[in-house]
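The primary structure of each chain is shown beneath.
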Amino acid sequence: MKTPQLSYVRISSFLMEIQLLLQDCAPYVKRVSLELGGNAPFIVFNSANVSAAADGAIASKFRNSGQTCVCTNRFLVQEEIYDEFVAQFSKKMQTFVVGNGMDPNVNIGPLINEIAVEKADRHVKDAVNKGAELVTGGKVHSSGKCFYEPTLLKNVKTDMLICQEETFGPVAGVMKFKSEEEAIEIANTAKTGLAGYFYSQDISQIWRVAKALEVGMVGVNEGIISTAEAPFGGIKESGIGREGSHYGIDEYVNMKYICLGGLN
């Protein structure tokens, strides 16, 4: 139990440091730009192209071995297509090659350190102990102590650590939902609000859900959303301000209004 506690202490310490930073800036009314973490939902509705959604899930979850703040952390799939999505997702995961990232044939590299591996393993074990089913993976990879197997869990529930915390590793947990309202409610329970993804071919649903998700960036039928031309940032506890695009300049300049009257 020692290492998980250490991981939790480090996370708590980071959050306290952010709070102290904001406190130190407040007396001087200093502007602050913060890009923090996320707990991105990935929703697949009945109308979705399931194969395309599985491809998007691969891109969104496993880029950089799951170690980006916009990586999907919670997969929500409508119950009618749940089994089909899990089967396609699992099949696509079988093509992964884990190992040295300098090898051009490798597409899943190491995690940043052993603590990251231990956190991923803790999330998997917690989910399995609470009733989730392990589809593939689920342990440290033979490549070394900083490698974790690409892992897929199904029958995930909202009370599991994998839904409550950002895993930041190659672990995907998939849960069922019945209605659009339920999916949005689950997605918006997170304290963070950086990125969100969903797949649907219903244009009315697309606009409803895109507006309803409490995140700063939304990917619709797309698993990779970051681009230099677009503003990058979130809401809630995912930070303050935006990076990228012309909006990113706003954090570093002061706006001045000049009203020029008649010169005569």
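Here the residue numbering is sequential within each chain, running from 1 through the sequence in written order. The predicted nature of this model means local features are confined to residues of pLDDT at least 70 and side-chain atom pairs, given and counted, to a pLDDT of 80 or more, with totals for whole chains, interfaces and linings taken over all residues. The side-chain quantities take in all heavy atoms of the structure and omit both hydrogens and water.

### Details of the environment of Phe-89
- Helix and strand definitions follow DSSP, with helices as H or I runs of at least four residues and strands as E runs of at least two, each counted in order from the N terminus. Positionally, Phe-89 belongs in helix H3 (residues 82–93).
- Put simply, Phe-89 and Val-50 are 39 residues apart on the chain and 9.3 Å apart in space, counted from C-alpha to C-alpha.

### Some points on the nonpolar core
- Ranked by internal contacts, the top residues of the largest apolar core, which has 34 residues, are Val-44, Phe-62, Val-70, Phe-75, Phe-85, Phe-89 and Val-174.
- Residue assignment for this core shows that the elements contributing at least two residues are strand E2 (40–44), helix H2 (50–62), strand E3 (72–78), H3, strand E6 (171–177) and strand E8 (195–199).
- Broken down by element, the residue count for this core peaks at six residues, all from H2.
- Of all hydrophobic cores here, the second largest spans 28 residues; its members include Ala-116, Ala-120, Phe-177 and Phe-198. By convention a nonpolar core is built from buried Ala, Val, Leu, Ile, Met, Phe, Trp, Tyr and Cys residues, the set being connected through side-chain atoms within 4.5 Å. Burial classes follow relative accessibility: with a 1.4 Å probe on protein chains only, a residue under 20% of its type's maximum area counts as buried, one over 50% as exposed, and anything between as partly exposed.

### What about the pairing of strand E5 (residues 151–154)?
- Where strand E4 (residues 133–136) meets E5, three bridges bridge the pair, whose relative direction is antiparallel. From the neighbouring strand, Thr-136 faces E5, where its bridge partner is Leu-152.
- Note: two strands are recorded as paired if DSSP finds a minimum of 2 bridges between them. The sheet contact formed by E5 and E6 spans four bridges and is parallel. Bridging from a neighbouring strand, Leu-152 pairs with Ala-172 of E6.

### What to know about the sheet that holds E6
- Ordered in space as E4-E5-E6-E3-E2-E8-E9, the seven strands form an open sheet in which the pairing is mixed. In the strand order of this sheet, the two ends are held by E4 and strand E9 (217–220), each with one partner. When the angles between neighbouring strand axes are averaged without regard to direction, this sheet yields 20°. Helix axes use the C-alpha atoms of the stretch in contact, all axes being lines fitted to C-alpha atoms, and the angles between their N-to-C directions lie in the range 0 to 180 degrees.

### Some points on the layout of surface pockets
- Volume-wise, the second largest pocket comes out at about 180 Å³.
- The element contributing the most residues to the lining of the second largest pocket is helix H1 (residues 2–25), with four residues.
- A per-class count over the lining of the second largest pocket returns six nonpolar, two polar and two charged. Buried and open spaces are told apart on a 1 Å grid over the protein atoms alone, a cavity being a set of points where a 1.4 Å probe fits but cannot get out and a pocket being an open set with protein on both sides within 12 Å along at least five of seven lines. Residues with an atom within 4 Å of a point are the lining residues. Grid points are joined across faces, edges and corners, and a volume is the space filled by probe spheres set on the points. Side-chain classes follow a simple rule in which Ala, Val, Leu, Ile, Met, Phe, Trp, Tyr, Cys and Pro form the nonpolar group, Asp, Glu, Lys and Arg form the charged group, and the remainder, Gly included, forms the polar group.

### Focus: H3
- Any helix carries an expected span of 1.5 Å times its number of residues minus one. Between its first and last C-alpha, H3 extends 16 Å over twelve residues, near the 16 Å set by a 1.5 Å rise per residue.
- Within the span of H3, buried status applies to Tyr-82, Phe-85, Val-86, Phe-89, Ser-90 and Met-93. Along the axis of H3, the buried residues cluster in a sector spanning 125°; they form a single face. Opposite its buried face, H3 presents the exposed residues Asp-83 and Lys-91, each directed more than 90 degrees away.
- Contacts were defined at the residue level, with two residues in contact if any of their heavy atoms lie within 4.5 Å. Buried-residue contacts for H3 involve E2, H2, E3, E4, E5 and E6. Think of the arc as the fan of directions from the helix axis to the C-beta atoms.

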